[in-house]
Amino acid sequence: MTAGLRDIESGDGSYMGFVGVATGSSSIRKVFPRWAEALGLPTRTLRGHDIALASPPRTYREVVAEIRDDPQHRGALVTTHKMAVFSSASDMFDDLDELALTFGEVSSIAKRGDRLTGAAKDPFTVRLALEEFLPADHFTQTGAAALVLGSGGAGCALTHQLGLRSDSPTKIICTARTQSALDHQRQLHERAGIQSGLMEYVLTDHPEDVDELLSSLPPASLVVNATGMGKDVPGSPLTDGGRFPERGVVWDFNYRGTLEFLHQARAQRDSRSLVIMDGWRYFIHGWTQVIADVFDIDMPHETVVRLSKIAAGVR
C-alpha cells in the first residue's frame, strides 16, 4: 500500500486524493475545505497518498487501483510522481488525454461513470502561471534565454510551452542528472514539432555544472528550479557561488520546504536586479485545474481569482 495514507480533513464519506511525497505539509490541507465550500463540492475531505521517491512500479499500481476501485474516491491530483504513475500504470486507465500520451505523465486522475481517466494538466497550468509575471514580449525585447533545471513533469511542461511560445527565448537549456530523462524530454519536443535548434540538452551531474550554465546566460534570462530540490529533498541544483544573470527572472516551482534555491536568488536580488517568483501561483493553478477535472466543473478565470483570494488568507 501507500507509504502513508491519511485523511487531511474529516468530511462525508467521499473524498478527493492527493498523490505526493509529503502531502501533510502542503498548504492544500487548509485551502481545500474552504475551496470546496466556496465551490459547493460534494466533499470537503482530501486524502493524502504519500509515496517515497523512486518507489517500485507496484506501489503506483496499488494507488491507482485504490482510486479506481473505491467508490468513495472521486479522483486525485498527482504531484512529483506524474511520470512514474504513467510509466507504471498507464494500462490501468480507460482514457488518457492527448497531453498525457504526449508527455508520458498523469497529473489528474478522474472518474467518468465507470471509466478511469488520466490527464496531463501541467502544460496548461504552467503557462497560466508564467503569463502572470512574464511579459508577452519579454524574450523578443531582451534577447534572453531560458534555463530550466530538471526534466520531470513540470520541467518538461515548461520547456514545451516555451518552445511553442511566439515570443520564444533565444535558446532553451534543458537539464537533468540522467541521460534517459534528457532523452525523454528531447522526444517530447520532437513529437510537439518544436524547432530542434532552439533546444540544448545538458547533463548536470554536479551543482558546479549548473553554475557554469548560469554564467553563460545573457541578461534578463529566465532561470527555473523544476528539480524538486528544496521541497521533496533538501538542497539546491546550484552552489552558493552560482551567479544569476543580470536582470534575470528567477522562478522556483516550490513555495514550501527548505527552499535553498529561492534563498540563493533572494541573496542576489539587489546586486543582480532580479525578479523572483516562488511556486505559489503555480500551486493555485495546478490545484484549481485538477479540481475542475475531478469534479467535472467549469473553472473560469473569475473563479480562480476568487479561490486565489481564499487561499491567500490561509497561506
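Residues numbered from 1 in each chain as written. Predicted model: local features only at pLDDT ≥ 70, side-chain atom pairs only at ≥ 80, totals over all residues. Heavy atoms only, no water.

Listed as buried for helix H1 (residues 28-39) are Ile 28, Val 31, Phe 32, Pro 33, Trp 35 and Ala 36. Those residues of H1 that are buried are in contact with strand E2 (15-20), strand E3 (46-50), helix H12 (280-294) and helix H13 (301-312). A positive phi of about 70 degrees marks Gly 40, the residue just after H1. (Buried < 20%, exposed > 50% of the residue type's maximum accessible area, 1.4 Å probe, protein only. Helix = DSSP H or I, 4+ residues; strand = E, 2+ residues; numbered from the N terminus. Contact = heavy atoms within 4.5 Å.)

To continue, consider the pattern of salt bridges. Where side chains of opposite charge bring their charged atoms close, a pairing between them can arise. Applying the stated rule across the entire model yields twelve salt bridges. The shortest N-O distance in the salt bridge between Asp 69 and Arg 68 comes to 2.8 Å. For Arg 68, a relative accessible area of 37% gives the class partly exposed. Residues Asp 296 and Arg 112 are paired through a salt bridge, measuring 3.8 Å at the closest nitrogen-oxygen approach. Residue Asp 296 is found in the loop between H12 and H13, and its partner Arg 112 is found in strand E6 (residues 108-112); the two are separated by 184 residues along the sequence. (Salt bridge = Lys/Arg side-chain N within 4 Å of Asp/Glu carboxyl O.)

Turning our attention to the sheet that holds strand E11 (residues 222-225). Spatially, E10-E9-E8-E11-E12-E13 is the arrangement adopted by the six strands of the open sheet, whose pairing is parallel. Across the chains shown, the open sheet's two edge strands, defined by having one partner strand only, are strand E10 (199-203) and strand E13 (275-277). Going from strand to strand, the sheet's axes swing by 15 degrees on average, the running direction of each strand aside. Across four bridges, the pairing between E11 and strand E12 (residues 249-252) is parallel. For Val 223, the partnering residue across the bridge sits in E12 and is Val 250. (Pairing = 2+ DSSP bridges. Axes fitted to C-alpha atoms, helices over the stretch in contact; angles between N-to-C directions.)

With that settled, consider the packing of aromatic side chains. Any aromatic ring pair is given by two values, namely how distant the centres are and how the planes are angled relative to each other. Under the criterion given, the structure shown has nine aromatic pairs. Members of the aromatic cluster, joined through ring pairs, are Phe 133, Trp 251, Phe 253 and Tyr 282. Stacked on the ring of Tyr 15, the Lys or Arg Arg 47 has its end atom at 4.4 Å from the ring centre. (Phe/Tyr/Trp six-rings, centres within 6.5 Å; stacked < 30°, edge-to-face > 60°. Lys NZ or Arg CZ within 6 Å of the ring centre and 35° of its normal.)

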